[in-house]
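# Chains, contacts and geometry: an overview
So the chains spell out like this:
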Amino acid sequence: MTTPVLEARDVTMRFGGLTAVRSVDFTVNSGEIVGLIGPNGAGKTTFFNCLTGLYVPTEGTVSYKGTVLPPKPHLVTKAGIARTFQNIRLFANMTVLENVLVGRHTRTKEGLWSALLRGPGFKKAERASEERAMELLEFIGLAHKRDHLARNLPYGEQRKLEIARALASEPGLLLLDEPTAGMNPQETRTTEELVFAIRDKGVAVLVIEHDMRFIFNLCDRVAVLVQGEKLVEGTSEVVQADERVIAAYLGEPFEGDPGAAEAPESAAAEAGAVADSTPGTTKGDVQ
Amino acid sequence: MISVTETTKNPSAAIAPRGLIPLPVSAARALLLVGGIATAASAFLSWTWTSEFPGDLTVTGYPGGLQWLTFTAGVLTALFTIASYGVRGLGWLLPARNNAPLVLLALGGFGTTWYTVIAIATKLDGLANLEPGGWVAAVASLLPVLGALALPEPVGETTKDTLKAYVAKPDRISAPAPTAPWIQRAAITVVSIIGLGVFTYGIDTEYGELFVGYLIVVVFALWAMHTAGLLDRFSHIVAANRSFALAMGFVAAIAFPFTQTDDHYANIGVNILIFGTVALGLNIVVGLAGLLDLGYVAFLGVGAYTAALVSGSEFSKFSGVQFPFWAAAIAGAAASLIFGVLIGAPTLRLRGDYLAIVTLGFGEIFRIAVNNMDGQSGPDITNGPNGIPSIPDLSFFGFNFGNPHDIAGFTLGRFANYYLLMVLIMALVVLVYTRAADSRIGRSWIAIREDETAATAMGINGFRVKLIAFALGASLAGLAGTVSAHVTYSVVPNPYQFAGSTPPNSAFLLAAVVLGGMGTVAGPLLGAALLYLLPEKLVFLQDKSLLAFGIALILLMRFRPEGIIANRRRQLEFHETGQLDVPDTETLSDEPAVTKAGA
Ligand SMILES: Nc1ncnc2c1ncn2[C@@H]1O[C@H](COP(=O)(O)OP(=O)(O)OP(=O)(O)O)[C@@H](O)[C@H]1O
Ligand SMILES: [Mg+2]
C-alpha cells in the first residue's frame, strides 16, 4: 500500500512575464524513487525551489504527508523534506563533519543557554549528534575525511557530502538536483547504488537528472517537464516510448533550438538579478 | 613511504642555493654571532652626550632606555645563531632549521638600533650629538644583517623571490619530539611570564621613541619565531593543554596590576580590556555570524548610559536611584539587548549591505539623540553634550573601587581595582564566546555566514539565529559599557561615534577584529591592544594617526588578509594551501627537501 509523501497541487511559478512552472500536479509516494527530467530551462530547479520553500509559488500548494507546507525553507526541512543543490552549496569553510552536524539542526534543539551552561543534556546531545553524523559519513564513505574542509574535497565527494548533509535532517523525502552532474561513469554508478540504499532506508527520493541511463535505471516513475509544464508521467518504458518526449529532447525547431532556448533564459536570469537587489522580495538566486 | 616535496615551486630554483653576499657559510655565521654579541655589548656604551634624549643613553657601563632593546635584539641574534650551529640543547629554538629567523632577528636589531641613532640625530639636531658609542652600535648592528644576507638561500627567478626566500617559513616542519606533560605546562608558564613581561614593558613605555623601538623588536622577534616554527609548536602545546593555558592566561592578566607602580598604566590596562571585550563581542556578530555591524559602539554607549543613570550620580535624571553593581550590569546588558533586538528585528530579515547601513545609522542616531536629550531640544534624560559626570565609584561589600588597597604588600590603585573587575568580565565574555562558537548555535552562525540559502535549506531559521548573535553581541558590549562608565567617572556622547582618532569607536572596533583575526579569541584582544596603544603612545603622530592607521590596515589586508592571528578556516580561505588542513597525526618526514639537481 502506498501513501503519498509529497503532493504538489497546481503549482505555478511566474517571474514577471515568464512562467517557469505552469500548474504542475505532482505526487511522490512512500518508498518511491521518482525522476524529473526535461530540457535545460524547463523549470525543474524552479519546481524544486517551490517545493522547498525557497520560492513562494505564485499559485498552488505543496503538502507533505497530508499537511500543507508553509513556504519557509527551514520549516519545510523541519517537516521532513531535505534537498541538495544543482550547484553544490556546501559550507565550504567548515569541516566535513561540521557540514553534516549543521544538517542535524532541525533534529536537535540545544539553544544558546544550553550551549553556555553546558549541562549534561548538552553534552549528551552533542555526542549523539556526532555519532549520528559519523554514521552518515560512513554510509556515504567519507568517514575518513571528517576533519577536512569541505572546499578541499574532490567534486564527486562534495556531491556525496551534500547528500549526507541532507540525510542528517532525517527526511522522509529527499530531493536531489542533478546528483551526478560532473561525475565520471564510475562515480555515477556508486551514486546510483547510494540512491537505492537511501530508498531502502525508507526515504522517498525525487531526483532531477540529465543522464537518461541513470534515470531509467533508477526510477520507479519518471515525469517530464517541458517549458514549465508536465508533459508525460509514467514508468520508464512509457516515458521512453513517448513521442512528445523524444521530440522535446531531440528538438523540434521551436523548443529544442539552442539559440531560441537560451535567449529567453538569459533574459530571465537578468530579470532575476534585478529582482534580487530589491530587499525582501526574492530570496537570492537559488540554483 | 617516501614523500619528497619541492620547497619552492620555482623550476629555475634548481641552481645551488647561495647567499646574496658572496661569503662562505662559516664566515656568514661567524659574522652573525660576532655581530650579535657586539650589538649587545654596544648597548653598554655611551651613545650621546646629553640626557636630553629621553632614556639617558649617556652612561657607559649600563644600558638605558632604547639601549635595552638593542641589547635584547643582539642577545637573541647571538642565541639563535648558536642554535644554528647545532649546539646541543638549543635545537628546539630552530625546529625548521631554516635561516629566516636569523635574518629577521638581525633585521630587528638593526632596525631598532638605527632607529635610535637616527632619532638621536634628528631630535638633537645633527650627527655631532652622537658619541663614539653610537657609531659603534650602528656598525655592530649592521654586521649580523650582512652575515644573514650571506647565508645560502635558493635563488629565485626575480630579486623579489630571492628576498622572499630569506624571510619565508618552510611549508613543512618536522614533527616535534613528544614531550612530557610537565614540560609542556612549564613551557606555557614560561611563555605566560615572558608574555606578561613583554606586554607590561610595552604599556609602561614612557615616550614615543621607546615604544617605536619596542614595536620594531617585538614585531621582528615574533616574526622570527613564526618563521622558525616556534609559534606553531607553541599553539600545538596550547591546544593539548587548553584549560591549563587558559588558566595561565587568566593568572597572567590578573598579575599585571601587581607589576605596576603607577596607576596610570593600570588605566591603560583597563581601557584595553574594555576595548578588547567589546571587540570580542563584535567578533560574535562579524566573525561568526558574518553580519557587518558598523554602529556597534552604540551598544557600549547604551550600557554606559544605563549604568550612569542608575549609578546614583547627582547629575543623573534618576539621581536618587543607586543600583548595586550587579543590578546595574544586568540593566546595562538588558538595555543593550533591547536595543539590539529593536535594531536587529526589522533589518536582519534583509540580506547583505542593508544591515551595515542600518547599524551605521543607528550608531549615529544614538550619539545625536543622546546629545539632544538635554531638556531643551528633547526630553531631559541624558544631560546633552555635558553628559553625566561624577559617577560614584563602585563598592562591593565595603571594598571601594575608588580607593587604593593594599593586597599582599602591593598597592592597587583605583584603576587597578577596575582592571581586576574587567578581567573577570573579560573571562566571562571569553567563556561565552568559546562555548557559543562550539555548539549547535555557533555552527549555525558559521553556516549562515558561509551560505545563507543552503543554511536555511538545512533547517536553520536564519532570522532567528542572526538575531540571537546580534542580541548576544549587543548585550556583551552593554555589559562592558557599565564598567566603562565607572572607570571614566563620566559619560558623554562624543566617544560613541563611527570613526575617530581614538578608540573605542565603531571603525576601530571593527578594525581590531579584522586586524587581529576574525573568528578567533586572541585576535580581537591583540588587535584591541595594538589599536589602543598606538594612538596612546605615538602622540607625535597626532592628527596623522588616522592616516598611518589607514596605511597599516591596507598593508595588512594586502599581505595577511586573515589577520594577525589566523583562524584555521580563514587561513585556508585566503591562501590556497591545498590539503594542508589534514590533521597532522602522521609524523612528517624529517628529511631535507629534495636535493637540488646539479648541487
Ligand atoms: N529567480 C529567477 N528569476 C527569474 N527567472 C528565473 C529565476 N529562476 C529561474 N528562472 C528562469 O526559469 C526558467 C527555468 O529555470 P530552471 O533553473 O528551473 O531550469 P532547469 O529545468 O533546472 O534547467 P537546467 O536543466 O539547466 O538546470 C529559466 O528560464 C530560468 O531563467
Ligand atoms: Mg536546474
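Refer to the structure printed above.
Everything quoted here is computed from the prediction, not taken from an experiment. The written sequence of each chain sets the order in which its residues are numbered from 1. Working convention: letters from A go to chains and numbers from 1 go to ligands, in the order in which they are written. Predicted model: local features are reported for residues with pLDDT of at least 70 only, side-chain atom pairs are reported and counted for 80 or more only, and whole-chain, interface and lining totals are derived from all residues. Water and hydrogen atoms play no part in the side-chain values, which are based on all heavy atoms of the structure.

### Some thoughts on the side chain of glutamate 209 of chain B
Residues and elements named next belong to chain B. Operational definition: Secondary structure is summarised from DSSP: a helix means a run of H or I of at least four residues, a strand means a run of E of at least two, and numbering begins at the N terminus for each. Partly exposed residues are those whose accessible area sits between 20% and 50% of the maximum for their type, while under 20% is buried and over 50% is exposed, using a 1.4 Å probe and protein chains only. It only takes one pair of heavy atoms within 4.5 Å for two residues to be counted as in contact.
Residue position: glutamate 209 is located in helix H7 (residues 208-228). A relative accessible area of 13% places glutamate 209 in the buried class. Beyond its immediate sequence surroundings of up to four residues, glutamate 209 is in contact with Phe53, Pro54, Leu66, Tyr115, Ala119 and Lys123.

### What about the sheet that holds strand E5 (residues 67-68) of chain A?
Residues and elements named next belong to chain A. Cut-off, in case you're wondering: At least two DSSP bridges between two strands are needed for those strands to be called paired. Helix axes are fitted to C-alpha atoms over the stretch in contact, other axes to C-alpha atoms as well, and angles between N-to-C directions run from 0 to 180 degrees.
Taken together, the four strands give an open sheet; going across it, the order is E2-E1-E4-E5, and neighbouring strands pair in antiparallel fashion. The sheet terminates laterally at strand E2 (18-29) and E5, the two strands that pair on one side only. In this sheet, strand E4 (residues 59-64) lies alongside strand E1 (residues 4-15) in antiparallel orientation, the contact comprising five bridges. By the bridge assignment for E4, threonine 12 is matched with glutamate 59. Its contacts with the sheet put helix H1 (residues 44-51) on E1, E2 and E4, and the angle it makes with E1 is roughly 115°.

### Notes on the sheet that holds strand E3 (residues 33-37) of chain A
Residues and elements named next belong to chain A. In spatial order, the strands read E6-E7-E8-E3-E9-E10; together these six strands make up an open sheet with mixed pairing. With partners counted over all chains shown, the strands left at the sheet margins are strand E6 (81-83) and strand E10 (229-234), one partner each. Between one strand axis and the next, the sheet turns by 20° as a mean value, whatever way the strands run. As defined by bridge partners, strand E9 (residues 221-226) adjoins E10 across five bridges and the pair is classed as antiparallel. Within E10, the position partnered with leucine 225 by the bridge is lysine 230.

### Observations concerning the coordination of the magnesium ion (ligand 2)
Residue and element names in this part refer to chain A. Counted only if it meets this: Keep in mind that water is not among the atoms, so a site may look incomplete; donors are the N, O and S atoms within 2.8 Å of the metal, or 3.2 Å for Na, K and Ca.
Distances from the magnesium ion (ligand 2) to its protein donors, namely Thr45 (OG1) and Gln86 (OE1), fall within the range 1.9 to 2.1 Å. Highlighted residues: threonine 45 in helix H1 and glutamine 86 in the loop between E6 and helix H3 (96-103), separated in sequence by 41 residues. Given a relative accessible area of 15%, threonine 45 falls into the buried group.

### Regarding the site of ligand 1
Residues and elements named next belong to chain A. Rules: By convention in these notes, a residue is near a molecule or strand provided one of its non-hydrogen atoms lies within 4 Å of it. A 3.5 Å cut-off defines polar contacts: any pair of N or O atoms within that distance qualifies, except that in protein one atom must be a possible hydrogen donor and the other a possible acceptor, and neighbouring residues in sequence count only when both atoms are side-chain atoms. Residue polarity follows a fixed list, in which Ala, Val, Leu, Ile, Met, Phe, Trp, Tyr, Cys and Pro are nonpolar, Asp, Glu, Lys and Arg are charged, and the others, Gly among them, are polar.
Taken together, 18 residues sit near ligand 1, with Lys44, Thr45, Thr46, Gln86 and His210 positioned nearest. Tyrosine 55 has a polar side-chain atom sitting 3.1 Å from a nitrogen atom of ligand 1. Where the shell around ligand 1 is concerned, the elements lending two or more residues are E2, H1 and helix H12 (258-276). Each residue belonging to the shell around ligand 1 can be placed in one class, and the counts come to seven nonpolar, eight polar and three charged.

### Observations regarding the nonpolar core
Definition in use: We call a set of buried residues a nonpolar core when its members are Ala, Val, Leu, Ile, Met, Phe, Trp, Tyr or Cys and they connect through side-chain atoms within 4.5 Å of each other.
Counting residues in each nonpolar core, the largest one holds 135 residues, and the members touching the most others are Trp445 and Val491 of chain B. Broken down by element, this core gets its largest block of residues, 16 residues, from helix H10 (residues 263-288) of chain B. For valine 491 of chain B, the contacting residues outside a window of four places in its chain are Ala304, Tyr305, Ala308, Asn386, Gly387, Ile388, Ile391, Ala485 and Tyr496 of chain B. Membership of the second largest hydrophobic core comes to 43 residues, among which are Ala133, Ile140, Leu142 and Ala143 of chain A.

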